[in-house]
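# Analysis of the macromolecular model
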Amino acid sequence: MASYSGSGDLVSLLRSLGPGVLRFGGVSADTRIAWTDSSTPQPAWATGTLDAADFPKLASLAAKTGWRILLTLGLGHFEPEAAAREAAVAKAALGEWLEAIEVGNEPNAWALHGLRSEPWTFVQYDAQVAAYRSAIEAAAPGIALAGPDTSGSSAFENWGVVEVINQRPALLTGHHYPLGCAQKPPPTIPRLLSPSTQKLEETSLGRYLSIARASETPFRLDETNNVSCGGVTGISNTFASALWAVGYLARTMTLGVQGVNLHANQLGCGGYAAVCAPTPEDLATGALHVQPEWYALRLIKTLVGERPLPTSTSSPAQPNVQVTTMLASDGRLHFVIVDDDPPGARTVAVRLGVGRAFGAASILSLTAPSPSAVSGVRLGGRGIAPDGSWVQPKRLPHAANKRGVVTVPITPSSAALVTVSPKGK
C-alpha cells in the first residue's frame, strides 16, 4: 500500500481539493489482496497482501492531506478473525482518520462471480456481516460500519433495507456506473453525455436516497465513474469524462448525497483515473499525471458545503444543457452549467434569474478542443500542473445583471461555474 506521503505528487494533489475521503476497496479487496500477520499466512488465492507496516504510511498520508479513510475488509473469503485483526491495526494506526469500514465489495453479485454458491441473498450476507462485526467489536470496539456497498441501486432496495434494520450502519454505500464496459451497443461519448443516461443516473440516485432518507442514514456513492471495468480508452480518459463528472457530481450534491468516490486504478492513463501514472516506475515514485476528469473535481470543489437551491429550466430545444444552483454561506450564488451538446451545435444563452440584489456574474469556463480530447483541457484558460497547483486568473469574463437577469453564453461541449455575489460584497 504505497502512500506517497513523503514523495511524489499525491499529497499536493489531494490538498488542492481540500479535505475528503479516500476509499480503499473494489473487487481486489475480496479476490486478490489478503491481510497477513503472524497468525495469518498469505493464502493461495491472494496476489498481494497488506500487513501492519502499511497502515502507518496511510495514516501519514491522511494527516498530511486531511483526507479520511474508508476501508474495505475482504469478505469474499470468509475470515472474520483475520478481518478483526486487520481492523484493530487500522484503528490503532489511523485513529480519527478512519472514517468507517466496509465488509465486502459488491456482495450482491458474488453468486454470479463464483465467490458464493446459491442460495446467496441479503439474508446470508447479513449473517456473515454479523459474524465479522462481532469479531471486530471484540478486537477493536467502536469502529463505524458502512455498507452494504451494492453494485447498483436495484439490489440496494432489498440489501440496503436489511442493512439498516439489522446492522444500523453509520453510512449507507452503493455503486453506480452510467455505462458498462461489455454493453451492446458498446459505450460511446454521445451515450455517456446523453439526456437518457442522465435520467437513468437520477433514477438510480433516487432509489439510494429514498432508503437513506427513510432511515435517516447518510448515503455515500462510494464507487462510481464513467464506464465500468476500469474505463474505456477514448471515452474515460477524454474531456467527455470531465463534462460527465461536472454534471453528475453537481446533481449528486443537489440531491443530498453525502459524498462521492470516483473509482480508479492509478497505473496507466487509458482508463478512468482522475490522476494516473503512465508507467510502473512513475507509480512507484508517485509521479502522477492529471487527467481531464481532475479538472471537474477542481471546479466542483468550490461547491462543497454549500446549500442546493431549486433550479428550473425552460429550454426544451436544448435538453443537453444542465444547470444546478448552490448557495454559499456568504450569500453568493453558484451556478454550474454544462452543455453536453457536440461541437457544431449552437451556442446557448442561459438566462439566470438572480434578482436585483446581486451584481454582475463572473464566469469560470471549463473547455477543451473537443469531447474526445485527451489534452488541451483548460479551467479559466489555464492548465493544472501535475502537483495539482492552479492559479485562477485575476480577471474572469463577466456578465452584467440586467433587471435581475444574468445572461451567460455557453458553447457546446463546455462547462462553466458562474458566481453571482450580493451587491456590496
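As shown above, the structure is provided for reference.
Here's what I pulled together on the structure shown here.

Scoring rules and cut-offs
- Residues numbered from 1 in each chain as written.
- Predicted model: local features only at pLDDT ≥ 70, side-chain atom pairs only at ≥ 80, totals over all residues.
- Heavy atoms only, no water.
- Core = buried A, V, L, I, M, F, W, Y, C linked by side-chain atoms within 4.5 Å.
- Buried < 20%, exposed > 50% of the residue type's maximum accessible area, 1.4 Å probe, protein only.
- Helix = DSSP H or I, 4+ residues; strand = E, 2+ residues; numbered from the N terminus.
- Contact = heavy atoms within 4.5 Å.
- Pairing = 2+ DSSP bridges.
- Axes fitted to C-alpha atoms, helices over the stretch in contact; angles between N-to-C directions.
- Expected span 1.5 Å × (residues − 1).
- Disulfide = S-S within 2.5 Å.
- Salt bridge = Lys/Arg side-chain N within 4 Å of Asp/Glu carboxyl O.
- Parallel < 35°, antiparallel > 145°, perpendicular 65-115°, else oblique.
- Left-handed = near helix turned anticlockwise from the far one by under 90°.
- Nonpolar A, V, L, I, M, F, W, Y, C, P; charged D, E, K, R; others polar.
- Right-handed = clockwise from strand over helix to strand, strands pointing away.

### Observations concerning the nonpolar core
Of all hydrophobic cores here, the largest spans 92 residues; its most connected members are Leu71, Leu94, Ile136, Phe219, Val246, Trp294 and Leu366. Looking at this core element by element, the count peaks at ten residues for helix α9 (residues 239-255). Not counting residues up to four positions away in its chain, the partners in contact with Leu94 are Phe55, Leu58, Ala59 and Ile69. Listed in part, the 19 residues of the second largest apolar core include Val348, Leu352, Ala361 and Val420.

### Things to note about the sheet that holds strand β6 (residues 145-150)
If you walk across this open sheet you meet the seven strands as β1-β4-β5-β6-β7-β8-β9, and the pairing is parallel. Edge positions in the sheet fall to β1 (20-24) and β9 (259-262), since each of these pairs with one other strand and no more. Taken pair by pair, the neighbouring strands of this sheet meet at an average axis angle of 25°, ignoring direction. Across five bridges, the pairing between strand β7 (residues 171-176) and strand β8 (residues 219-224) is parallel. Residue Gly174 lies in a different strand from β8, and its bridge partner there is Leu221. Contacting β4 (67-73) and β5 (98-103), helix α4 (residues 80-94) runs over the sheet at an angle of about 175° to β4. Sheet strands in contact with helix α6 (residues 153-167) are β6, β7 and β8, and its direction is about 155° off that of β6.

### Points about helix α5 (residues 122-139)
Look at α5: 25 Å from first C-alpha to last across 18 residues, which is about the 26 Å you get at 1.5 Å a residue. Restricting attention to buried positions, one finds in α5 the residues Tyr125, Asp126, Gln128, Val129, Tyr132, Ala135 and Ile136.

### As for the state of the cysteines
By definition, a disulfide links the sulfur atoms of two cysteines through a covalent bond. Following the criterion strictly, the structure yields two disulfides and no others. Here Cys269 is linked by a disulfide to Cys276, with a sulfur-sulfur distance of 2.0 Å. Between Cys269 and Cys276, the S-S torsion sits near 105°, and that sign places the bridge as right-handed. When the bonded cysteines of the protein are counted from the start of the sequence, the pairing works out to 1-2, 3-4.

### What about the pattern of salt bridges?
Applying the stated rule across the entire model yields nine salt bridges. For Arg23, the salt bridge goes to Glu223, with nearest N and O atoms at 3.0 Å. In this pair, Arg23 is assigned in strand β1 and Glu223 in strand β8, connecting sequence segments 200 residues apart. Pair check on accessibility: Arg23 and Glu223 agree, each one buried. Note that Asp37 and Arg85 form a salt bridge whose closest N and O atoms lie 2.9 Å from each other. Placement of the pair is Asp37 in the loop between β2 (33-35) and β3 (48-50) and Arg85 in helix α4, with a sequence separation of 48 residues. Residue classification places Asp37 among the partly exposed positions, given a relative accessible area of 25%. On the basis of relative accessible area, Arg85 is assigned to the partly exposed category, the value being 30%. Linked through salt bridges whose partners overlap, the residues forming this network are Arg23, Glu102, Asp149, Asp222 and Glu223.

### With respect to the sheet that holds strand β15 (residues 348-353)
Pairing in this open sheet of three strands is antiparallel, and the strands run β15-β20-β19 from one edge to the other. Lying at the two open borders of the sheet, with one neighbouring strand each, are β15 and β19 (401-402). One ladder, built from six bridges, connects β15 with strand β20 (residues 405-410); its direction is antiparallel. Across the sheet, residue Gly353 finds its bridge partner in β20, namely Val405.

### What to know about the packing of helix α3 (residues 54-65) against α4
Their axes nearest at 9 Å, the elements α3 and α4 cross at an angle of 40°. The orientation of α3 relative to α4 falls into the category oblique. α4 is crossed by α3, and the crossing has right-handed handedness. Residues Phe55, Pro56, Leu58 and Ala59 of α3 form the contact with α4, whose participating residues are Glu86, Val89, Ala90, Ala93 and Leu94. Split into classes, the residues belonging to the contact of α3 with α4 amount to eight nonpolar, no polar and one charged.

### Some thoughts on the pairing of β8
The element β8 is extensively covered by neighbouring structure, given that six of its six residues are classed as buried. Bridge count for β8 against β9 is three bridges, and the pairing is parallel. Residue Arg220 lies in a different strand from β9, and its bridge partner there is Gly259. For the crossover that starts at β8, traverses α9 and ends in the parallel β9, the hand is right-handed.

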